Amino acid sequence: GDTAQDFDATCNTDINASSSTGDERTNQQCGVAAKVVEHTMLGSDIGTLKSAIDWGIKVGVPAELIHRAQTRKVVLEDMEQSQNARTEAARALELALSSTDLHALTSAIRHATETGVHREIIEQAWKRKATLEQEVWSRRVCEEAARELSTAMHSRDLDSLTLAVD
C-alpha cells in the first residue's frame, strides 16, 4: 500500500509551480502530517488518531490516506466498544455468580457468551448454575416429601403414612 513517503510527492506537487515560502511550508506540513497520520494508524490510540486526521485534513493530506485513517479509527472504536461490552458482561456475570438467582445467572451466562467473555469465567458460571439447579431440585424434593408426609399424617391412613415415610 501507499506509505506516507508516497504521499509526500502528492503534497509537494505545488512546490515546482510556486517558489513561495508559504507554499513550501504548507507542503512540508502536509508531508509531516501524512507521516503522522500513517504512524498513528499503526497504534490503537483513538484520540491521537483523530487529532492526526483532523490535522491532516487541515493541511491537505491526500484524501485516500485520510480515508484509510478514518477507516482505522472506526475499527478501533468498534474494538473498544466490543471490549467495553465484554467487560460489562463479565461484571454482570460475576455479580450473578454471587447470587442464588438462577434466572439472572442463566441470562448473564448467555450475554457473556455472546460478547466473548473469557471461557474460564463462563465455565465457572456453568458449574455454579449446575450447583444451583441441584439445590433447587433437592429443595423441591424435600418440599414434596414434607407435603406428602403432612397429608398422610392428617389423613390418619396408615398406608399413606407408610408410603410418605418410605
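All of these numbers come straight from a predicted model, not from anything done at the bench. (Residues numbered from 1 in each chain as written. Predicted model: local features only at pLDDT ≥ 70, side-chain atom pairs only at ≥ 80, totals over all residues. Heavy atoms only, no water.)

Novice: How do you make sense of the overall build of the protein when you look at a structure like this?
Specialist: In terms of helices and strands, the protein carries eight helices and zero strands. Reading the secondary structure of the protein in the N-to-C direction produces α-α-α-α-α-α-α-α. Taken over 166 residues, the protein has a buried fraction of 27%. Partitioning the contacts of the protein with sequence separation of at least 6, the portion at a separation of at least 24 is 54%. Accessible surface computed for the protein: about 11200 Å², of which carbon and sulfur atoms make up 54%. (Helix = DSSP H or I, 4+ residues; strand = E, 2+ residues; numbered from the N terminus. Buried < 20%, exposed > 50% of the residue type's maximum accessible area, 1.4 Å probe, protein only. Contact = heavy atoms within 4.5 Å. Areas by Shrake-Rupley, 256 points an atom, 1.4 Å probe, with all protein chains shown as cover.)

Novice: When you look at the side chain of Lys129 in this model, what are you seeing that I'm missing?
Specialist: Of note, Lys129 is situated in helix H7 (residues 119-155). Accessibility expressed as a relative area gives 12% for Lys129, which makes it buried. When residues no more than four places from it in sequence are discounted, the contact partners of Lys129 are Leu102, Leu105, Thr106 and Ile109.

Novice: Would you take a moment to explain the pattern of salt bridges for this structure?
Specialist: In total, this model carries eight salt bridges according to the counting rule given. As a salt-bridge pair, Glu38 and Arg68 come within 3.0 Å of each other at their nearest N and O atoms. You can see Glu38 sitting in helix H3 (residues 21-42) and its partner Arg68 sitting in helix H5 (residues 63-97), a full 30 residues away along the chain. You can call Glu38 buried: its relative accessible area is 18%. Exposure remark for Arg68: the relative accessible area of 24% places this residue in the partly exposed category. Here Glu144 makes a salt bridge to Arg147, at a shortest N to O gap of 2.7 Å. Here Glu144 and its partner Arg147 are both found in helix H7, three residues apart, which amounts to about one turn of the helix. Classification of Glu144 by relative accessible area gives partly exposed; the value is 35%. (Salt bridge = Lys/Arg side-chain N within 4 Å of Asp/Glu carboxyl O.)

Novice: Even after reading the chapter, I still don't get the environment of Leu102, so can you show me in this structure?
Specialist: Structurally, Leu102 can be placed in helix H6 (residues 102-115). Those residues in contact with Leu102, other than ones at most four positions away along the chain, are Lys129, Leu132 and Glu133.

Novice: How should H6 be read in this particular structure?
Specialist: Two residues of an α-helix separated by three or four positions point the same way, owing to the 3.6 residues in each turn. With 14 residues, H6 should reach 20 Å at 1.5 Å per residue; the first-to-last C-alpha distance of 20 Å fits that figure. All of the buried residues along H6 are Leu105, Ala108, Ile109, Ala112 and Thr115. Angularly, the buried residues of H6 cover 140 degrees about the axis, an arc narrow enough to put them on a single face. Exposed side of H6, more than 90 degrees from the buried face: His103 and Glu114 are the residues found there. At its buried positions, H6 is contacted by H5 and H7. The backbone nitrogen of His103 lies 3.1 Å from a side-chain oxygen of the residue at the head of H6, namely Asp101. Gly116 sits one or two positions beyond H6 and adopts a positive phi of about 85 degrees. (Expected span 1.5 Å × (residues − 1). Arc of directions from axis to C-beta. Polar contact = N/O pair within 3.5 Å; in protein donor to acceptor, adjacent residues only side chain to side chain.)

Novice: I would appreciate a short explanation of the nonpolar core in the present structure.
Specialist: In a soluble, globular protein the nonpolar side chains are often hidden away together inside. Among the nonpolar cores identified, the biggest contains 15 residues, and Val37, Met41, Leu49, Ile53, Val61, Leu65 and Ala69 are the most heavily contacted of them. In this structure, Ala89, Ala108, Ile121 and Ala125 belong to the second largest nonpolar core, which totals 14 residues. (Core = buried A, V, L, I, M, F, W, Y, C linked by side-chain atoms within 4.5 Å.)

Novice: How do you make sense of a nonpolar patch on the surface when you look at a structure like this?
Specialist: On the surface, Val32, Val36 and Trp55 cluster together into a nonpolar patch covering about 220 Å² of accessible area. Since its relative accessible area comes to 43%, Val32 is described here as partly exposed. (Patch = residues over 30% accessible without salt bridge, like charges linked within 9 Å, V, L, I, M, F, W, Y side chains within 5 Å.)

These values are about where atoms sit, not about what they do.
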